[in-house]
Amino acid sequence: MITNINILQNINQANFKGRQEAKIYVPLRMTPPLKADTFEKHLANAEQSRVQTNPALANKETENTQHPFKKISYNKAKNMLTVKSITTVQEFMRSNKTKMDALSPADKNPVIKDMFEIDGEKYNASFSGSGGTKNVFQIEKDGKKYALALPSYTDGPNAAGNKWLNVLEFEPENTAFLRRHGFKTNDIFDIVPVKVAGVEFPAVLMKPYSEHSFEIADTKNYSFVNLYDAENMNSEKVIAMLQPVVKEIGRLLNFGIPPRVDCVSICKDKDTEEFHLYLNDLDIELMEDFPETFIPSYITGYIYSAVSAFCNAVPADERHQSDYLCNRIHSDEKLINTLKKQIWDEYKKAKSAEPAV
């Protein structure tokens, strides 16, 4: 059973590009160890647990979205996952990443021709980026760009398989749920079958960040986007700009969704110029049953993530402004306490107006 605890965690701000060390209460989601030591056993246990909890989910198709590719259900995707298929995909990506690195630096968008096959059609691909779970490539069809994610090759096949199973099981439904309730998420998140080195594999199709109607700033990394004038920022402006975020955090807490640093980013709508939460990397059990006494520390966790992402929304040549602003905001007790009170009030409003799910 997944539990939540509140502990005093030392967060070394060096992980946030040299910012000062801070001590704050951060609620951690504790994930129990796997009962199985192999991917195949984990796969069998996950399917059994899922079907027992909600039998309808086993064959549920993800929400219909606007893209031309065939999508598949979790159950079909699960059946494609084996240690052999994961190993094949990892080796293929590793070798092609080497090819991409070897291409001319003058080529700003190096591609590997015919890298993937989807619905019987070959696609060129360029490498977009990688994390602890996903390697992301960019493909094009009919003049539109798409992001295609496959398991990271930095883990062994068992670990990568366990992570990918969580991606397939949780992310499409979590993303669709939050989107339906008005939160900013990736506009596309579907499982699509892709042939990699002759092996059919359940990849994930998304929309690239650059194609959304909003610009995104990440919590943990400099985002190199220009969303505001950092040099002339003050506490009143920060509070005013984060008001939509304050309301969204209150609603998330009412839904029973605690903060997770990997999931919380910030975005700015290109039309309204409002700041909002951007929620991604949702390969987790989204909602939990926690007591209201947890809410104050959860509010602190959300503020930390949201403010860190907000501070990262500066151009590459203004990194010093990001560091300075982040230190100033996190150490401004009046500003932080104002945000805490506002979020608590929004949580109470949401609790009375919007039923928890």
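Look a little higher up for the structure.
Residues numbered from 1 in each chain as written. Predicted model: local features only at pLDDT ≥ 70, side-chain atom pairs only at ≥ 80, totals over all residues. Heavy atoms only, no water.

Asker: Where do I start with the pairing of strand E10 (residues 264–269) in this structure?
Answerer: One face of the sheet, then the other: side chains in a regular strand alternate in exactly this way. The buried fraction of E10 amounts to 6 of the 6 residues, a majority that puts the element mostly inside the structure. Taken together, the 4 bridges between strand E9 (residues 214–217) and E10 define a ladder with antiparallel strand orientation. Looking at E10, one finds that Phe214 is bridged to Asp269. Here E10 folds back onto strand E11 (residues 275–279), and the loop between the two strands holds 5 residues, one of which, Glu273, carries a positive phi near 65°. (Buried < 20%, exposed > 50% of the residue type's maximum accessible area, 1.4 Å probe, protein only. Helix = DSSP H or I, 4+ residues; strand = E, 2+ residues; numbered from the N terminus. Pairing = 2+ DSSP bridges.)

Asker: How do you make sense of the packing of helix H6 (residues 243–254) against helix H9 (residues 333–353) when you look at a structure like this?
Answerer: Two quantities define a packed helix pair, namely the angle between the axes and the distance from one axis to the other. Direction vectors running N to C along H6 and H9 enclose 50°, while the axes themselves pass 7 Å from each other. By the criterion of interaxial angle, the relationship of H6 to H9 is oblique. Between H6 and H9 lies a crossing whose hand is right-handed. For the pair formed by H6 and H9, the contact residues are Gln243, Val246, Lys247, Ile249, Gly250, Arg251, Leu253 and Asn254 on the first element and Leu339, Gln342, Ile343, Glu346, Tyr347, Ala350 and Lys351 on the second. Here the residues of the contact of H6 with H9 sort into 7 nonpolar, 4 polar and 4 charged. (Axes fitted to C-alpha atoms, helices over the stretch in contact; angles between N-to-C directions. Parallel < 35°, antiparallel > 145°, perpendicular 65-115°, else oblique. Left-handed = near helix turned anticlockwise from the far one by under 90°. Contact = heavy atoms within 4.5 Å. Nonpolar A, V, L, I, M, F, W, Y, C, P; charged D, E, K, R; others polar.)

Asker: Whenever I open this one, the packing of aromatic side chains confuses me. Can you help?
Answerer: The geometry of two aromatic rings is summed up by the distance between their centres and the angle between their planes. Counted by the stated rule, this structure contains 15 aromatic pairs. Relative to Tyr146, the ring of Phe69 has its centre 5.3 Å away and its plane inclined at 85°; by these criteria the two rings are edge-to-face. Of this pair, Phe69 sits in the loop between helix H1 (39–53) and helix H2 (74–80) while Tyr146 sits in strand E6 (residues 144–151), and the two are 77 residues apart along the sequence. The burial state of Phe69 is the same as that of Tyr146; both residues are buried. Residues Phe92 and Phe116 carry aromatic rings whose centres are separated by 6.5 Å and whose planes lie at 55° to one another, so their mutual orientation is tilted. Highlighted residues: Phe92 in helix H3 (residues 83–102) and Phe116 in strand E3 (residues 112–118), separated in sequence by 24 residues. Like Phe116, Phe92 is buried. Clustering of aromatic rings is evident, with ring pairs tying together Phe92, Phe116, Phe127 and Phe137. (Phe/Tyr/Trp six-rings, centres within 6.5 Å; stacked < 30°, edge-to-face > 60°.)

Asker: For this particular structure, what's the right way to read empty space enclosed by the protein?
Answerer: Here the structure, examined in full by the defined rule, presents 3 cavities of 30 Å³ or more. The volume enclosed by the largest cavity comes to roughly 70 Å³. Together, Leu178, Leu252, Ile257, Pro258, Arg260, Cys263, Val264, Leu279, Leu282, Ile284, Leu286 and Tyr302 line the largest cavity. Split into classes, the residues belonging to the lining of the largest cavity amount to 11 nonpolar, no polar and 1 charged. For the second largest cavity, the calculated volume is near 50 Å³. Along its surface, the second largest cavity is lined by Leu242, Val245, Val246, Ile249, Ile303, Ala306, Val307, Leu339 and Ile343. Class assignment of the residues belonging to the lining of the second largest cavity gives a composition of 9 nonpolar, no polar and no charged. (1 Å grid on protein atoms, 1.4 Å probe; cavity = no way out; pocket = protein on both sides within 12 Å on 5 of 7 lines; lining within 4 Å. Points joined across faces, edges and corners; volume = space filled by probe spheres on them.)

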